[in-house]
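Examining the three-dimensional arrangement
What follows is each chain in one-letter form.
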Amino acid sequence: MVKILFVCLGNICRSPMAEAIFRKKVKDQGLDKIVTIDSAGTGRWHIGNPPHEGTIEILKQNQIDASGLKARQVSEDDLQSFDYVIGMDTENVGNLRALAGHHGKAEVARLLDFIPNYQLADVPDPYFTGNFEEVFDLISDGCDHLLSYIREKEQI
Ligand code: 4NP
């Protein structure tokens, strides 16, 4: 199995959106038996909560299943048990690297770093901007490139 974890701050807007979008792309490419996907937040405010209504709505508009998503906080163990831990912004990745210390096995990176020659490094937080459409497009584009990268690297 190849295990991928998406991480943002609250785990209610961006990373559950990435989890749902990536799961659909993985399924569409027939890889759902060998790739597992999850998401988590660096913060603990929303543990146990479903995604933000803006995330649910934009996923619905794009015919992407949003069921079963429930916020949790990222742990040190996640940096050992996942192969790829993908942050939505620079702050997420800084927090993840601090959590991993020297022992983390996972490859830690920002989602938008997988898009070549891209002007943006961070997925803006729609919890503050309110722009879920923009974030959906960015995450979808990032997920396409991430999936290509993983397929090449894992030879799957
Ligand atoms: P997310 O957005 O990191 O994309 O899930 C946020 C959600 C909640 C908060 C911050 C960001 N918050 O401060 O509660």
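Please read these numbers as outputs of a predicted model, since none were measured by experiment. (Residues numbered from 1 in each chain as written. Predicted model: local features only at pLDDT ≥ 70, side-chain atom pairs only at ≥ 80, totals over all residues. Heavy atoms only, no water.)

Quick look at the nonpolar core
The line we're drawing: Working definition of a nonpolar core: buried Ala, Val, Leu, Ile, Met, Phe, Trp, Tyr and Cys residues. They are joined through side-chain atoms within 4.5 Å. Only protein chains enter the area calculation, which uses a 1.4 Å probe; residues under 20% of their type maximum are buried, those over 50% are exposed, and those in between are partly exposed. Numbering of helices and strands runs from the N terminus; a helix is a DSSP stretch of H or I covering at least four residues, while a strand is a stretch of E covering at least two.
Membership of the largest hydrophobic core comes to 38 residues, with the highest contact counts inside it found for I4, F6, M17, F22 and I139. Counting only elements with at least two residues in this core, the list comes to β1 (2-8), α1 (14-28), β2 (35-41), α2 (53-61), β3 (84-87) and α6 (132-154). For this core, the leading source of residues is α6, giving nine residues. Core analysis: the second largest hydrophobic core is formed by 12 residues, F82, V85, L96 and A106 among them.

What about the state of the cysteines?
Selection criterion: Disulfides are defined as cysteine sulfur pairs within 2.5 Å.
Counted under the stated rule, the structure contains zero disulfides. In this model C13 remains outside any disulfide bridge; the closest cysteine sulfur is found in C8, 6.9 Å from its own. Overall, the relative accessible area of 4% leaves C13 in the buried class. The thiol sulfur of C143 is not disulfide-bonded, and the nearest other cysteine sulfur, from C8, lies at 13 Å.

What about the site of the ligand?
The criterion, for reference: Near residues are defined by distance, with any heavy atom within 4 Å of the molecule or strand qualifying the residue. Contacts described as polar in this section are N or O atom pairs within 3.5 Å, which, within protein, must combine one atom able to donate a hydrogen with one able to accept it, while residues neighboring in sequence count only if both atoms come from side chains. Only the protein chains shown count as cover for residues, with accessible areas throughout obtained via the Shrake-Rupley method and a probe of 1.4 Å. Polarity classes work like this: nonpolar for Ala, Val, Leu, Ile, Met, Phe, Trp, Tyr, Cys and Pro, charged for Asp, Glu, Lys and Arg, and polar for all others, with Gly in that last group.
Within the structure, the ligand sits among C8, L9, G10, N11, I12, C13, R14, W45, H46, D125, Y127 and F128. Between the ligand and G10, the relevant distance is 2.8 Å, taken from an oxygen atom to a main-chain nitrogen or oxygen of the residue. Within the side chain of D125, a nitrogen or oxygen atom sits 2.9 Å from an oxygen atom of the ligand. Contact with the protein chains covers 92% of the free accessible surface of the ligand, which is 350 Å². The residue makeup of the shell around the ligand, split by class, is seven nonpolar, three polar and two charged.

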